Structure formats: C-alpha cells, structure tokens
Amino acid sequence: MNSQVHDLVLVQELDALLEDLESANGEQQEEALGFCLRDWSRIRLKREQLVAGIGADLLRRYARLRERYPRAVVGTRGGVCLGCNTLRPTAMASRASALDTCERCGRILFRVEPVSPAASLPARAGAGSVAVSEASAPSPRSSSQRRAPSRAARR
Amino acid sequence: VRKPAAQREPVVAVHLDPGLYLHHPGAASRLELFERFGEALERRGVVEHRPALVRFLAEREALGTSALGEGVAFPHVRAHVVSATALAFSRLEKPIELDGPDGRAVDVVLMLVAPYDLRGAFYQPLLAALAELLHSHDGRQMLRAVACFSDLERLLLETVWPRTLEVLSR
C-alpha cells in the first residue's frame, strides 16, 4: 500500500479523536468515566509529524473529502468500497496505482487484507455476540457524523 | 451496485467470541499487547487496517493511561478502521507497566473498540457500564477471576449487559 495513504489512515483517526475531545463534552465525558487525559498537544504533534510526510495534493484531497464525509480514507474489500458500499468496476479494482480512489464517492481507498473463511464466520449465536434490531438501537448519530453529514444525508 | 443485504454486517452488534479471548498472548510491552489484540480483531474481520489501529491505540494510551489499578487495564477507542463493536480480553503471562494509579503492573486487560457510525451505537453505554464496574474493587476482582471464555461471557452477559441496557434506557 502507498505509505502515504497508510499514514493518512492514522491521521484520520487522530483527527476524529481531536474532534471528539474538542466537542462540548468529549473530555469531561472521559473524566466522568474516571479516565484522566493528559495534554492533547502530543496528539497534535504526532499528527503534524505524519502530515509532514504526506504530499500536498493528497492532503488537499483528504481535507476536501473530510468536509463531505466523516471517513475520507476507507478500505476496499472484494472490490467493494467500504465507504459507499459500491462494487467497483473490475478493471479499476484490480488496477495497481499509487493512489486508489472510489469511482463513485471519490474516497481514498486502501485494500483490506483478506481474512480466512473460518476466521470471518460470525460469532456463534448466543455465544456472546449480541445483536439487536435497528428499532431498539439508540440514535445512530455520532459526533463526526453530526459535523459532516454525508452527501446522501444532505439530499 | 450495492452489496446484497445478506453480505453486510449486522447493523448493531457487540462481538464477543472465543477468538477474542487471548490467554498468555506473549506480549512483553504495551505495543506488543496492542499488536496481539489487533491481530485477533483482524482475524475476526473487525479491523480494516490493523497497523493504524495498533498505532492509534498506542497514541491513545499515551494521552491517558487505561490502567485502573490492581493489575487491570481497560483500553477503549472508537476508530474509523474498526467495523464493529467488539470486546477482547487478555491475561498476560508477564505483567506490563502501564502507569496504573497504584503503580502495579497490568496482567488483565479488557479492550473495547467500536466504529463511529451506527455499528458503534453501543459504545457509549457499554463504556459507561464497564467503566463503572472496573472502577470498583469488586468489579476488578470479578474481571481478575475470569479463567476462561465462558467466565468472561457470563460476566459480560449477566453483569455488564443489563447495566448497559439500563444506561441506554436513560
């Protein structure tokens, strides 16, 4: 995988963490749960170090995508973009290029390593895998989704 | 073309299975511990990008320790590279230093990971329920007493899960 995309995946996680902590009650929530957080500057510093090794074009593209989607860099598994769940054209999915992007949503892609069939089986029913219906689930809104609704959501 | 519904993950679920119970994983440092967790979660198809998760866990740990005392740690993160809410447990053969409040090295670790979207909807209530449990001496002893996957399953389903639903209903 392109090493810059590799670093961009971590940048995206750090951005989401910083957004969470900077949100109205992000830090207080953690402290209320008994977890003390030290200075965030370490996270910002780490982000700066990573960003320094990423090309300006890729960063611009990432910033533009982040305005539109909470996840600008997503995986692709079996030729499917895991951001928009669209099956990519075979020719494009199998093409080896420095930067892979989804033809439909434009997200930056990385290839998800395949897992063995045995390992990918869902957990045994009743063996600790707890699944509930959407109706009984809490509100699906996340802080990042609230800040950056997807294009589909805005329509 | 969208994936058929049958091929998609359950919308809201908490993954807990024997593959995420790591007994003596051979980790001698916090980074190796996160690596072992990352490998187990990747084998279960819960992680899309293991190296990023491992590095992110390490950064998150540096921001504030997840050690709670009495040799118990509870790392927890929401991450875009995680595709489902999952709990993983590890009992280490050799305790590792995680700057716990009592200075004791950690040998029992419960990890909670979740994505940011709807699939991570149980993250906050589960985190609240587990934090409440593990901040008490009794709760930490209950986790320390876990000797096999069935014990962990029982603890989570009988003690933590009802509390999670209680938090949800507020």
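Conventions adopted
- Residues numbered from 1 in each chain as written.
- Chains lettered and ligands numbered in written order.
- Predicted model: local features only at pLDDT ≥ 70, side-chain atom pairs only at ≥ 80, totals over all residues.
- Heavy atoms only, no water.
- Helix = DSSP H or I, 4+ residues; strand = E, 2+ residues; numbered from the N terminus.
- Rg over C-alpha atoms; globule rule 2.2 N^0.38 Å.
- Buried < 20%, exposed > 50% of the residue type's maximum accessible area, 1.4 Å probe, protein only.
- Areas by Shrake-Rupley, 256 points an atom, 1.4 Å probe, with all protein chains shown as cover.
- Expected span 1.5 Å × (residues − 1).
- Axes fitted to C-alpha atoms, helices over the stretch in contact; angles between N-to-C directions.
- Parallel < 35°, antiparallel > 145°, perpendicular 65-115°, else oblique.
- Left-handed = near helix turned anticlockwise from the far one by under 90°.
- Contact = heavy atoms within 4.5 Å.
- Nonpolar A, V, L, I, M, F, W, Y, C, P; charged D, E, K, R; others polar.
- Core = buried A, V, L, I, M, F, W, Y, C linked by side-chain atoms within 4.5 Å.
- pLDDT = per-residue confidence, 0-100.
- Salt bridge = Lys/Arg side-chain N within 4 Å of Asp/Glu carboxyl O.
- Pairing = 2+ DSSP bridges.

Draft legend 1. Broad picture of the overall build of chain B. Counting its secondary structure elements, chain B contains 5 helices and 7 strands. Listing each helix as α and each strand as β along chain B from the N terminus yields β-β-α-α-β-β-β-β-β-α-α-α. Taking 2.2 N^0.38 as the reference for a compact globule, 170 residues should give roughly 15 Å; the C-alpha atoms of chain B span a radius of gyration of 15 Å, in line with that estimate. In terms of overall dimensions, chain B has C-alpha extents of about 55 × 35 × 30 Å along its principal axes.

Draft legend 2. Region of the structure containing the overall build of chain A. A tally of regular secondary structure across chain A gives 7 helices and 6 strands. Along chain A, helices (α) and strands (β) appear in the sequence α-α-α-α-β-β-β-α-β-β-β-α-α when read from the amino end. With 155 residues in all, chain A has 42% of them scored as buried. Surface exposure of chain A reaches about 8,500 Å², of which carbon and sulfur atoms provide 52%.

Draft legend 3. Region of interest: helix α2 (residues 50-63) of chain B. Residue and element names in this part refer to chain B. An ideal rise of 1.5 Å per residue puts 20 Å on 14 residues; α2 measures up with 20 Å between its terminal C-alpha atoms. A large share of α2 lies buried, amounting to 11 of its 14 residues. Where α2 is concerned, the buried positions are Ala-52, Leu-53, Val-54, Phe-56, Leu-57, Ala-58, Glu-59, Arg-60, Glu-61, Ala-62 and Leu-63.

Draft legend 4. Here's a closer look at the packing of helix α3 (residues 123-134) of chain B against helix α5 (residues 149-169) of chain B. All names here are of chain B. At a minimum axis separation of 8 Å, α3 and α5 run at an interaxial angle of 120°. By the angle between their directions, the pair α3 and α5 is classed as oblique. The element α3 and its partner α5 pack so that their crossing is right-handed. On the side of α3, the interface is formed by Pro-125, Leu-126, Ala-128, Ala-129, Leu-130, Glu-132 and Leu-133, while α5 contributes Leu-155, Leu-156, Thr-159, Val-160, Trp-161, Arg-163, Thr-164, Val-167 and Leu-168. For the contact of α3 with α5, the class distribution of residues is 12 nonpolar, 2 polar and 2 charged.

Draft legend 5. Representation of unusual backbone geometry in the model. All names here are of chain B. Phi at His-24 takes a positive value of approximately 50°, unusual for a residue other than glycine. Secondary-structure assignment places His-24 in the loop between β2 (21-23) and α1 (30-43). We classify His-24 as partly exposed; its relative accessible area is 40%.

Draft legend 6. Structural detail: the nonpolar core. Counting 64 residues, the largest nonpolar core has Leu-8, Val-73 and Ile-108 of chain A together with Leu-41, Leu-53 and Met-111 of chain B as its most contacted members. A per-element tally of this core places helix α1 (residues 3-22) of chain A first, with 9 residues. Setting aside its immediate chain neighbours within four residues, Ile-108 of chain A contacts Val-5, Leu-8, Leu-58, Arg-61, Tyr-62, Leu-65, Ala-72, Val-73, Val-74, Leu-99, Asp-100 and Thr-101 of chain A.

Draft legend 7. Structural view of the confidence of the model for chain A. Residues and elements named next belong to chain A. Across chain A, the average pLDDT comes to 76, with 71% of residues at or above 70. When pLDDT is averaged over each helix and strand of chain A, the minimum, 40, is found for helix α6 (residues 143-147) and the maximum, 96, for helix α4 (residues 56-68). Below pLDDT 50 for its whole length, residues 117-155 participates in 67 contacts with residues either more than four positions away or in separate chains.

Draft legend 8. Examining the pattern of salt bridges more closely. Summed over all chains, the structure comprises 23 salt bridges over all chains. The partner of Asp-7 of chain A in a salt bridge is Arg-55 of chain B, with the nearest N and O atoms 3.4 Å apart. Within this pair, whereas Asp-7 of chain A is found in helix α1, its partner Arg-55 of chain B is found in helix α2, the two belonging to separate chains. Judged by its relative accessible area of 28%, Arg-55 of chain B is partly exposed. The network of salt bridges with common partners includes Arg-42 and Lys-46 of chain A together with Glu-59 of chain B.

Draft legend 9. Just the environment of Val-160 of chain B, in detail. All names here are of chain B. Here Val-160 is to be found in helix α5. Remark: the alpha-carbon pair of Val-160 and Ala-129, spanning 31 residues in sequence, is separated by 6.1 Å. The contacts of Val-160, once residues within four sequence positions are left out, are Leu-126, Ala-129, Leu-130, Leu-133 and Leu-155.

Draft legend 10. Looking closely at the pairing of strand β6 (residues 85-96) of chain B. All names here are of chain B. Of all 12 residues that make up β6, 9 are buried, and the element is covered over most of its length. With 3 bridges connecting them, β2 and β6 associate as parallel partners. The partner of Leu-22 across the bridge, within β6, is Ser-90. As judged from the 7 bridges shared by β6 and strand β7 (residues 106-114), these two strands associate in the antiparallel manner.

Draft legend 11. Here's a closer look at the sheet that holds strand β5 (residues 108-111) of chain A. Residue and element names in this part refer to chain A. Taken together, 5 strands build an open sheet; the order of strands is β3-β2-β1-β5-β4 and the sheet is mixed. A single partner strand is all that each edge strand has here, and the edge strands are β3 (86-87) and β4 (100-101). As judged from the 4 bridges shared by strand β1 (residues 73-77) and β5, these two strands associate in the parallel manner. Within β5, the residue paired with Val-73 across the bridge is Ile-108. Its contacts with the sheet place α1 against β1 and β5, and it is angled at close to 110° to β5. Along the sheet, α4 contacts β1, β4 and β5; its crossing angle with β5, the most-contacted strand, is approximately 105°.

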